[in-house]
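Report on the structure
Residues per chain are reported as follows:
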Amino acid sequence: MNYYEPEKRKHLGVYYTPRPVVNFIVNSVHSILKQYFDKPLGLADDSVNVLDPAIGTGTFFWISFLVALGELKNQGLQGIIFDKIRDHLLKHFYGFEILITPYVISHLKLIDLLQRWHYIFRNDDRIQVYLTNTLEPSEVHTLLPFLREITEESRIANQIKLRKPILVVMGNPPYAGLSANKGKWIDDLLKKGYTHADGTKDDGYYKVDGKPLGERKLWLQDDYVKFIRYAQWKIDKNGEGIVGFITNHSYLDNPTFRGMRESLLQSFDRIYILNLHGNALKKEKCPDGSKDENVFDIKQGVAIGIFIKSKK
Ligand SMILES: C[S@@+](CC[C@H](N)C(=O)[O-])C[C@H]1O[C@@H](n2cnc3c(N)ncnc32)[C@H](O)[C@@H]1O
């Protein structure tokens with residue numbers, strides 16, 4: 001992907017997620033499902049719906065499938081692997097991607113992995129990765145025959161985006177200082193908030209203690225903030241669940257994000273943060289004084305956030 005349209009790549013935040021980061025997030029989610037959500041098979045449990053809203057080349061699902069299939073093997077359940085792939089991995093793992101190249105790669109990579117596990121694809125099987133803009137739900141009503149397949153893809157993507165109950169949202173949302181996604185839907189979600197299932201009100205990221213932030217809030221328009229907001233909303237709607245993201249780390253301490261931090265603390269019972277630093281803009285250094293390298297080829301420091309909401 002490095003050679004593919006470099007400007008577009010930068011603009012849309014297309015960077016591979018390093019494998020150790022993906023391993024860490026996927027394995028954390030797998031253990032949390034077992035420990036706090038009563039899912040003895042973790043990611044291999046049929047009742048676990050997973051969404052990667054910025055799937056890129058599919059690395060999170062690639063590792064998730066390996067972890068899920070490995071769990072079955074470890075528990076002596078090899079006999080159900082074929083059914084598990086057909087009825088769970090190909091049904092309950094949803095991904096969204098805005099660019100065609102990573103979208104195609106994610107399909108090819110995941111198909112290849114499952115075939116290595118001797119899965120034989122049937123005509124109606126598909127990897128549930130859709131070509132769509134996660135932050136712009138749009139209903140398509142065209143009935144032109146040659147557009148039928150695209151229309152159908154968009155209709156299903158919208159249905160998952162807005163209505164499908166999701167227990168786990170994970171991934172690596174794009175890095176883009178100023179978002180091009182300024183649609184009303186995501187803007188309302190950020191600014192107006194919504195009502196939780198228990199009737200309490202979420203005020204959005206532009207208020208703190210019920211009062212407007214009263215400052216220029218340009219950083220709240222970053223795409224990564226919008227993806228966190230979308231993931232939070234999905235889990236709130238479901239009433240329980242986990243978000244596992246690696247993102248820009250500025251929401252951790254920048255004063256502009258106090259409304260966002262308050263809102264996240266209201267939605268989730270437990271929040272684990274692993275700050276990986278690497279902020280060249282702040283000239284961060286390691287404790288021993290050596291250069292603090294970023295895990296990506298970017299200047300912005302990053303952090304892994306694991307957010308857990310339980311029903312209790
Ligand atoms: C940091 S990359 C994810 C990399 C992925 N985890 C991997 O290892 O290949 C972010 C991805 O989000 C996609 N993206 C950016 N904006 C998007 C949007 N609004 N909706 C859906 N996908 C988007 C980019 O095209 C890119 O592939």
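Use the structure listed above.
Read on for a plain summary of the structure. Treat the numbers as computed from the prediction; the structure is a model and nothing was measured.

**Here's the deal with the site of the ligand**
Taken together, 23 residues are adjacent to the ligand, and Thr17, Thr57, Thr59, Glu97 and Asn133 come closest. Here an oxygen atom of the ligand and a side-chain polar atom of Thr59 are 2.7 Å apart. Protein coverage of the free-state accessible area of the ligand, which is 610 Å², stands at 100%. Residue composition of the shell around the ligand, grouped by class: twelve nonpolar, ten polar and one charged.

**Quick notes on unusual backbone geometry**
The backbone of Asp209 shows a phi angle near 50 degrees, a positive value even though the residue is not glycine. Turning to its location among the elements, Asp209 is positioned in the loop between strand S7 (207–208) and strand S8 (211–212). What makes Asp209 exposed here is its relative accessible area of 58%. Of note, the phi angle at His277 is positive, near 55 degrees, even though the residue is not glycine. On the accessibility criterion, His277 (31% relative accessible area) is partly exposed.

**So, the nonpolar core**
Counting residues in each nonpolar core, the largest one holds 46 residues, and the members touching the most others are Leu33, Leu43, Leu114 and Val168. Contributions of two or more residues to this core are made by helix H2 (19–36), helix H3 (59–74), helix H4 (81–89), helix H5 (100–116), strand S4 (168–171), strand S9 (241–248) and strand S11 (302–309). A per-element tally of this core places H3 first, with eight residues. With residues near it in sequence (within four places) discarded, Leu33 still touches Asp38, Lys39, Gly42, Leu43, Val48, Leu167, Val168 and Ile242.

**Structural notes on the packing of aromatic side chains**
Scanning all chains against the criterion turns up ten aromatic pairs. For the ring pair Trp185 and Trp233, a centre distance of 5.4 Å and an interplane angle of 85 degrees mean the geometry is edge-to-face. Of this pair, Trp185 sits in helix H7 (residues 184–191) while Trp233 sits in helix H8 (residues 223–238), and the two are 48 residues apart along the sequence. Trp185 sits in the partly exposed class, given a relative accessible area of 25%. The exposure class of Trp233 is buried, given its relative accessible area of 10%. Taking 6.1 Å as the distance between ring centres and 50 degrees as the angle between the ring planes, the aromatic pair formed by Tyr224 and Tyr251 counts as tilted. Within this pair, whereas Tyr224 is found in helix H8, its partner Tyr251 is found in the loop between S9 and helix H9 (258–267), the two being separated by 27 residues in sequence.

**Here we look at the environment of Leu131**
Structurally, the position occupied by Leu131 is in strand S3 (residues 129–131). A relative accessible area of 33% means that Leu131 is categorised as partly exposed. Placed 32 residues apart in sequence, Leu131 and Leu99 show a C-alpha to C-alpha distance of 7.1 Å. Aside from chain neighbours lying at most four places away, what touches Leu131 is Glu97, Ile98, Leu99, Ile100, Tyr103 and Glu153.

**As for the side chain of Thr132**
Note that Thr132 resides in the loop between S3 and helix H6 (148–162). You can call Thr132 buried: its relative accessible area is 15%. Leaving out residues up to four positions away in the same chain, Thr132 has contacts with Phe96, Glu97, Ile98, Ala157 and Lys161.

**Regarding the packing of H3 against H4**
Their axes nearest at 11 Å, the elements H3 and H4 cross at an angle of 140 degrees. The pairing of H3 with H4 is recorded here as oblique in orientation. Every pair of crossing elements has a handedness; the one defined by H3 and H4 is right-handed. Mapping the contact onto sequence places Phe65, Ala68, Leu69 and Leu72 in H3 and Ile81, Lys84, Ile85 and Leu89 in H4. Residue composition of the contact of H3 with H4, by class: seven nonpolar, no polar and one charged.

Cut-off values and rules
The residue count restarts for each chain, going from 1 along the sequence in the order it is written. At least 70 in pLDDT is required for a residue's local features to be given in this predicted model, at least 80 for side-chain atom pairs to be given and counted, and no such filter applies to totals for whole chains, interfaces and linings, which use all residues. Only heavy atoms go into the side-chain values, all of them from the structure, while hydrogens and water stay out. For this description, a residue counts as near a given molecule or strand if any of its non-hydrogen atoms is within 4 Å of it. Here a polar contact is taken to be a pair of N or O atoms separated by no more than 3.5 Å, where protein atoms must pair a possible hydrogen donor with a possible acceptor and residues adjacent in sequence count only if both atoms sit in side chains. Per-residue and other accessible areas follow the Shrake-Rupley method at a 1.4 Å probe size, with only the shown protein chains counted as cover for residues. Under this grouping Gly is polar, as are all residues other than the nonpolar Ala, Val, Leu, Ile, Met, Phe, Trp, Tyr, Cys and Pro and the charged Asp, Glu, Lys and Arg. The helix and strand labels rest on DSSP assignments: H or I over at least four residues marks a helix, E over at least two residues marks a strand, and numbering proceeds from the N terminus. Relative accessible area decides the class of each residue, using a 1.4 Å probe on protein chains only: under 20% of the type maximum gives buried, over 50% gives exposed, and in between gives partly exposed. We call a set of buried residues a nonpolar core when its members are Ala, Val, Leu, Ile, Met, Phe, Trp, Tyr or Cys and they connect through side-chain atoms within 4.5 Å of each other. Any pair of residues with heavy atoms lying within 4.5 Å of one another is described as a contacting pair. The aromatic pairing rule takes the rings of Phe, Tyr and Trp, using the six-membered ring of Trp, and pairs them if the centres are within 6.5 Å, calling planes under 30 degrees apart stacked, those over 60 edge-to-face and the rest tilted. What counts as an axis is a line fitted to C-alpha atoms, over the stretch in contact for a helix, and the angles between N-to-C directions run from 0 to 180 degrees. The cut-offs work like this: below 35 degrees is roughly parallel, past 145 is roughly antiparallel, 65 to 115 is roughly perpendicular, and the gaps in between are oblique. Helix crossings fall into two classes, left-handed where the near helix is turned counterclockwise from the far one by less than a right angle and right-handed where it is turned clockwise.

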